[in-house]
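# Overview (structure and organization)
Residue strings, one per chain:
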Amino acid sequence: MALLEILEYPDPRLRTVARRVEKVDDELRQLAQDMIETMYEAPGIGLAASQINVHRRLIVVDVSEEQNEPHILVNPEYEVTGALMEYQEGCLSVPGYYEKVTRFDKIQVSALNEQGEALAFEATDLLAICIQHEIDHLDGKLFVDYLSSLKRTRIKKKLEKQHKLEQ
Ligand code: NI
């Protein structure tokens, strides 16, 4: 197990579109376990491989309070089955900022699990929001993209300043 470094906005590598996973093997399973550990440690409720600079379509999510219901989703996709809702979102790649984003409250998810088997399930509320947020990462998209350019620029400048101080 290993903790992985999480890229932070506005790192341009977060804009990379991830490619599909062709083969679910031990290397991918190990990567998913390391991502789960990194997510729990942060702590967060979701992590996309893009955020640790691995541009493959793999996400991990766990919205349980006890951090004991991890989902590993390979090549995840969804269809909207619900209505729009607003939720205050954060992101491990945008630390310290929380803003309201509009997403769907119910989606039908399809993906492969860590054994490479096809999964299909309905996700609602926080789990649905989290999966939409993480799939956005795989497409190089961040929650700040849904905000006004004024807000986004403000967050970008503050984080850039903070990254300079940390160097
Ligand atoms: Ni995120």
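Notes on the structure follow. Predicted, not measured: the structure shown is a model, and the values here were computed from it.

### A word on unusual backbone geometry
- The omega angle of the peptide bond from Y9 to P10 is 5 degrees, so this bond is cis rather than trans.
- One can find P10 in the segment before α1 (26–41).
- Across the junction of A42 and P43, the peptide omega takes the value -5 degrees, indicating a cis bond.
- Residue placement: P43 occurs in the loop between α1 and β1 (46–48).
- One non-glycine residue, D125, adopts positive backbone phi at about 50 degrees.
- When you line up the elements, D125 lands in helix α2 (residues 125–138).
- Under the relative-accessibility criterion, D125 is labelled partly exposed at 44%.

### Remarks on the nonpolar core
- By size, the foremost hydrophobic cluster in this structure holds 17 residues, and its most contacted members are M35, L47, L58, V60, I72 and V74.
- When contributions to this core are tallied by element, the ones reaching two or more residues are α1, β2 (58–61) and β3 (71–80).
- Of all the elements, α1 adds the most residues to this core, at 6 residues.
- Beyond its immediate sequence surroundings of up to four residues, V60 is in contact with A32, M35, I36, M39, I45, G46, L47, H71 and I72.
- Grouped together as the second largest cluster of nonpolar side chains are 16 residues, V61, V109, C130 and I131 included.

### Focus: the pattern of salt bridges
- Taken as a whole and judged by the stated rule, the model has 10 salt bridges.
- We note a salt bridge from R29 to D26, for which the minimum N-O separation is 2.8 Å. You can see R29 and its partner D26 sitting in helix α1, 3 residues apart, about one turn around the helix.
- Residue classification places R29 among the partly exposed residues on the basis of a relative accessible area of 25%.
- For D136, the salt bridge goes to R103, with nearest N and O atoms at 3.0 Å.

Procedures and definitions
Residues numbered from 1 in each chain as written. Predicted model: local features only at pLDDT ≥ 70, side-chain atom pairs only at ≥ 80, totals over all residues. Heavy atoms only, no water. Helix = DSSP H or I, 4+ residues; strand = E, 2+ residues; numbered from the N terminus. Buried < 20%, exposed > 50% of the residue type's maximum accessible area, 1.4 Å probe, protein only. Core = buried A, V, L, I, M, F, W, Y, C linked by side-chain atoms within 4.5 Å. Contact = heavy atoms within 4.5 Å. Salt bridge = Lys/Arg side-chain N within 4 Å of Asp/Glu carboxyl O.

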